[in-house]
Amino acid sequence: MAADLQTKYSKLAQEYSKLRAQNQVLKKAVVDEQANSTALKDQLKQRDQSLRKQEQEMDSLTFRNQQLAKRVELLQEELAASEAKGKKGKNKGDSPSQHHSLQTQNVFDEDLQKKIEENERLHIQFYEADQQHKRREAELRARLEELERNTEQHHAVVDSLTTKYVETNERLQNNKACLEVKVQTLEREAKECRMRTEECQQQLKRCQSELRSQLKQSSSVIQEKVPFNDTKFSEYNSLNVPSHNRRHQLKARDVTGQALSFIQDLVAALLNFHTYTEQRVHIYPLDSSIEIISPLNEKFSQYLHENAAYVRPLEDSFLQFYQSITEDTVTVLETVVTLKTFTENFSSYTHFLQKILPYQLKSLEEECEAPLCTAALTAKNRELRSDMKKVTSVFEKLQSYINLLALPSVRQDAVPQSSTSAVFTQLAACLHSLHDAVKEMSKHYNQKAGIEQDLPTVTQKLSTTTECLLGSLGSLTSITGKIATFFSNNLDFFTSPAYSPRGSTATLNPLQAETMLANKKKAAAYIQAIQKGRPQSVPYREALSNRRILTSSTESREGLTQQVQQSQEKIARLEQEKEHWLLEAQLGKVRLEKENQRIADLEAQLAAALGGSPNSQPAGASRLTQSHEEAETEQKATGKETTLCTSLVGMLCTTPTNEHVGDEESREQLIKTHYMARVGELTTQLQISDSKAVHFHSECRALAKRLTIAEKSRETLSEEVKVANQNITRLQDELATTKRSYEDQLSMMSDHLCSMNETLSKQREEIDTLKLGGKGNAKKNKGR
């Protein structure tokens, strides 16, 4: 469960890093688009200004054109008048004035022609400038609308990503709370498991002692009376039939489950590595969004885009392999048929790596041929080329060894037992070599990324993609190391023979495995029949119903225990609130007594002050309102006027008396004494509060230390719980295996004893018959 949660957390962290990188890229794009929009708005403003200038020039030209048109009309009128004068004086001879007027007319005609041409040219220029300005304005408006749409889309994407981040954060917090609850549950289960472990150990000791005594007795009986050895057909010997190893099956399923989690992490790391490599090919050395990348990199990108079709089947086929291993099956290399599918998928992925290797090398060569590629960067690219070749060769070796392991399930006696152990050993060494190769490649990539950061042409997109690629390489290095360590730790389990006929080193074939499972079912049915026949034993169905009742009662007990704990916490909280309000009530009561005492003192002082006049009534024990009413009555009766005295602490209403009493001084002194006492009380409370704050601070620090120690102890206890669970499982498996083997042996011994008893009874009957026949023959001989 903890491994699954850790896997989920790692996946969520990877998704979070991806989304964070995408968010940075989108933010950068939004900022760029905003800058472009601002620049376009500035250009639009400049165009508007230029348009206004051109309109002003157009107005001035129109005015100038109107002036010229008026001048042309005047000139035409003058020309018409001159022509009329010329017609009238046709018969007259040419005079110097007519000659002068013709010359002037020619000058005016030339000037008019020039002005008309200039006006036509200005009209053409203005029309062209107006058309060009309209086209430019339409283009800018279209581009501005497109940029605004892109900005809105980017804002929507940023808002969705922000919402997704908030949801992810809330989900992680909920998962954290669930994990804390599960930790508390696991602590309770750990205590129960310790108690159960002690009980199981005691039961195991008792069962072992009983089974040892029974085995010793049965062995002595077999050695003395039941010798059995089939010398003609040794395979029919019952003692050579292998027994079903439930412990091996549980161990195989546990190991395969751990390997499945590692394979899932490896698949995720490989997918991320190939995906980010594809993104980097599109960005560096040429950005595909700006320039056209080379055909080689385009082909390499297409191949990398197909990586999921080769990587995903690894996880699916291994999941099928894990699901085929159950408690009721026989798991050896000869019977595991689903391993062949995983082998084929692994071979296809290895061929995929071989296919993309030349493109990887050529891509690194293109990076070296870039104009800004330094010598250090070229050296790192060379090291990466050798690392990629090494990783591909290690995957080829892994493919060869995995094919050898899958071969016995296809063809019997293909790989001997000794060769299988050697294959597993070489596979473990090859996994360590893979970890070292990936680690070297990750180190060289980190160094290369550090060198690339110093280049002036590195963009934010390239930096983000490189960081994601380095993260995927780090996770790939970690998971390969975990796989190598896991395989080395379980190498003894892989190399040890699980099933083999007793007294023989031959491997188990599928037919023998089916026979063994059939014998197991028959033995279970036989034991169940024996248990039904005994009155003191519990039937199997009744035991199952009792177990369900016990489980439900245990669950209900746990629920009631939690309710009781919650009720106790609520009661404790209410008790604390009750104590708090009791203290508040006591403080209020004390304050009320003080206020009553102060009011009584003030009433007594006021009565004493008012009682000094000859016409006043005594008010020693009366209330303040009664003293005021008496004072007003006396004032009305005597007709004396009251005086109002003010000071810094308040106002005092007095009446003139024969005896002068310093009411103002006594009142101020009383109030001053009261406030001084109140200031003293507040100072004491402040000191007490400061001391409590210091005490609480020290307690908080101590509680923080205790919390740290408790967390460490919790981790230690969780590890102890894991170890205890493993020990319990191991002990239960050993107990079940030992009990089953002893029961099988006892059943076989009982069968042999029954057959031998029948044989002995027949032999005794034959001996008795022969004795009787011998006695009869002896009597006959004597009679003769």
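Rules of the game
Residues numbered from 1 in each chain as written. Predicted model: local features only at pLDDT ≥ 70, side-chain atom pairs only at ≥ 80, totals over all residues. Heavy atoms only, no water. Helix = DSSP H or I, 4+ residues; strand = E, 2+ residues; numbered from the N terminus. Buried < 20%, exposed > 50% of the residue type's maximum accessible area, 1.4 Å probe, protein only. Contact = heavy atoms within 4.5 Å. Salt bridge = Lys/Arg side-chain N within 4 Å of Asp/Glu carboxyl O. Core = buried A, V, L, I, M, F, W, Y, C linked by side-chain atoms within 4.5 Å. 1 Å grid on protein atoms, 1.4 Å probe; cavity = no way out; pocket = protein on both sides within 12 Å on 5 of 7 lines; lining within 4 Å. Points joined across faces, edges and corners; volume = space filled by probe spheres on them. pLDDT = per-residue confidence, 0-100. Axes fitted to C-alpha atoms, helices over the stretch in contact; angles between N-to-C directions. Left-handed = near helix turned anticlockwise from the far one by under 90°. Nonpolar A, V, L, I, M, F, W, Y, C, P; charged D, E, K, R; others polar. Phe/Tyr/Trp six-rings, centres within 6.5 Å; stacked < 30°, edge-to-face > 60°. Patch = residues over 30% accessible without salt bridge, like charges linked within 9 Å, V, L, I, M, F, W, Y side chains within 5 Å. Areas by Shrake-Rupley, 256 points an atom, 1.4 Å probe, with all protein chains shown as cover. Lys, Arg positive; Asp, Glu negative; His and termini not counted. Charge placed at Lys NZ, Arg CZ, Asp CG, Glu CD. Parallel < 35°, antiparallel > 145°, perpendicular 65-115°, else oblique. Expected span 1.5 Å × (residues − 1). Disulfide = S-S within 2.5 Å.

Novice: So what exactly am I meant to see when it comes to the overall build of the protein here?
Specialist: Looking only at helices and strands, one finds 14 helices and 2 strands in the protein. The buried share among the 784 residues of the protein stands at 25%. Looking at the protein alone, contacts between residues at least 24 apart form 79% of all its contacts between residues at least 6 apart.

Novice: Looking at this structure, how should I read the pattern of salt bridges?
Specialist: Pairing is possible between side chains that carry opposite charge, provided their charged atoms lie close to one another. The final tally for this structure, using the stated rule, is 17 salt bridges. A salt bridge links Lys-594 to Glu-681, with the shortest nitrogen-to-oxygen separation between them at 2.7 Å. In this pair, Lys-594 is assigned in helix α12 (residues 540-610) and Glu-681 in helix α14 (residues 663-783), connecting sequence segments 87 residues apart. Glu-681 gets classed as partly exposed once you look at its relative accessible area, which sits at 28%. With its nearest N and O atoms 3.4 Å apart, the salt bridge here joins Arg-730 to Glu-734.

Novice: Would you mind showing me how to read the nonpolar core here?
Specialist: What tends to happen in soluble globular proteins is that the nonpolar side chains get buried as a cluster. In this structure, Tyr-349, Met-441 and Tyr-445 are the most contacted members of the largest nonpolar core, which totals 70 residues. Contributing elements (two or more residues each) for this core: α3 (246-283), α4 (295-305), α5 (308-323), α6 (339-368), α7 (375-406), α8 (417-453), α9 (460-489) and α10 (491-495). Ranked by the residues each element gives to this core, the list is headed by α3, at 14 residues. Membership of the second largest hydrophobic core comes to 7 residues, among which are Ile-283, Tyr-284, Cys-373 and Leu-462.

Novice: It is not clear to me how the side chain of Arg-280 should be interpreted in this structure. Could you clarify?
Specialist: Tracing the backbone through its elements, the reader meets Arg-280 in helix α3. Those residues in contact with Arg-280 that lie beyond four places of it in its chain are Glu-367, Tyr-445, Lys-448, Glu-452, Leu-462, Thr-465, Thr-466 and Leu-469.

Novice: I keep staring at empty space enclosed by the protein and nothing clicks. Help me out?
Specialist: A water-sized probe, rolled over the atoms, reveals where empty space remains. Summed over all chains, the structure comprises 5 cavities of 30 Å³ or more. Of the voids in this model, the second largest cavity is the one considered here, and its volume is about 170 Å³. If you trace the second largest cavity, you find 17 residues lining it, with Phe-273, His-274, Leu-353, Val-391 and Met-441 closest to the centre. Those elements that place two or more of their residues in the lining of the second largest cavity are α3, α6, α7, α8 and α9.

Novice: Explain the confidence of the model for the protein to me, please; I cannot follow it from the model alone.
Specialist: Close reading of the predicted structure is inappropriate where its pLDDT is low. The share of residues in the protein with pLDDT of 70 or more is 79%, and the mean pLDDT across the chain is 77. This stretch, residues 225-240, has a pLDDT under 50; its non-local contacts, to residues over four places away or in other chains, come to 19 contacts. For the stretch residues 613-661, pLDDT sits under 50, and the model shows 57 contacts to residues farther than four places along the chain or on other chains.

Novice: Please clarify how the packing of α4 against α6 should be interpreted in this entry.
Specialist: Two packed helices can be described by the angle between their axes and the distance between those axes. Running from N to C, α4 and α6 cross one another at 145°; their axes reach a closest spacing of 10 Å. Crossing geometry of α4 relative to α6 is assigned as left-handed. Counting all contacts with α4, which are made through Leu-296, Asn-297, Lys-299, Phe-300, Tyr-303 and Leu-304, the residues of α6 involved are Phe-352, Lys-355, Ile-356, Tyr-359, Gln-360, Lys-362, Ser-363 and Glu-366. Across the contact of α4 with α6, the residue classes tally to 7 nonpolar, 3 polar and 4 charged.

Novice: Looking at this structure, I do not really get the packing of aromatic side chains. What am I missing?
Specialist: A ring pair, where both rings are aromatic, is described by two values, the distance of the centres and the angle of the planes. Here the structure, examined in full by the defined rule, presents 11 aromatic pairs. With centroids separated by 4.7 Å and ring planes inclined at 20°, the aromatic side chains of Tyr-310 and Phe-352 adopt a geometry described as stacked. Of this pair, Tyr-310 sits in helix α5 while Phe-352 sits in helix α6, and the two are 42 residues apart along the sequence. For Tyr-310, a relative accessible area of 21% gives the class partly exposed. Ring pairs connect the aromatic residues Tyr-310, Phe-318, Phe-321, Phe-342, Phe-346, Tyr-349, Phe-352 and Phe-395, which therefore count as one cluster.

Novice: Help me understand a negative patch on the surface in this model?
Specialist: Side chains of Glu-180, Glu-711, Glu-715 and Glu-719 sit close together on the surface and give a patch of like negative charge. The leading source of residues in the negative patch is α14, at 3 residues. Its place among the elements puts Glu-715 in helix α14.

Novice: I would appreciate a short explanation of the packing of α5 against α6 in the present structure.
Specialist: At their nearest, the axes of α5 and α6 sit 8 Å apart, and the two run at 165° to each other. Overall, the two elements α5 and α6 adopt an arrangement that is roughly antiparallel. Of the two elements, α5 crosses α6, and the hand of that crossing is left-handed. Across the interface between the two elements, Tyr-310, Val-311, Pro-313, Leu-314, Ser-317, Phe-318 and Phe-321 from α5 touch Leu-339, Thr-341, Phe-342, Asn-345, Phe-346, Ser-348, Tyr-349, Phe-352 and Lys-355 from α6.

Novice: Got a minute to help me understand the environment of Ala-736 in this structure?
Specialist: Position of Ala-736 among the secondary structure elements: in helix α14. Look at Ala-736 and you get partly exposed, because its relative accessible area is 23%. Note: C-alpha distance between Ala-736 and Arg-247 (489 residues apart in sequence) is 8.5 Å.

Novice: Quick question: what am I supposed to make of the environment of Ser-393 here?
Specialist: Secondary-structure assignment places Ser-393 in helix α7. Sequence separation between Ser-393 and Leu-434 is 41 residues; the distance between their C-alpha atoms is 9.3 Å.

Novice: Even after reading the chapter, I still don't get α5, so can you show me in this structure?
Specialist: One turn of the α-helix equals 3.6 residues, which is why residues spaced by three or four share an orientation. The terminal C-alpha atoms of α5 lie 23 Å apart, and with 16 residues this matches the ideal 22 Å at 1.5 Å per residue to within 8%. Along α5, the positions that sit buried rather than exposed are Val-311, Leu-314, Glu-315, Ser-317, Phe-318, Phe-321 and Tyr-322.

Novice: Which parts of the structure should I look at to understand the state of the cysteines?
Specialist: Structurally, a disulfide amounts to a covalent bond that connects the sulfur atoms of two cysteines. Within the structure shown, the criterion is met by 0 disulfides. No disulfide involves Cys-207; its sulfur sits 10.0 Å from the nearest other cysteine sulfur, which is in Cys-200.

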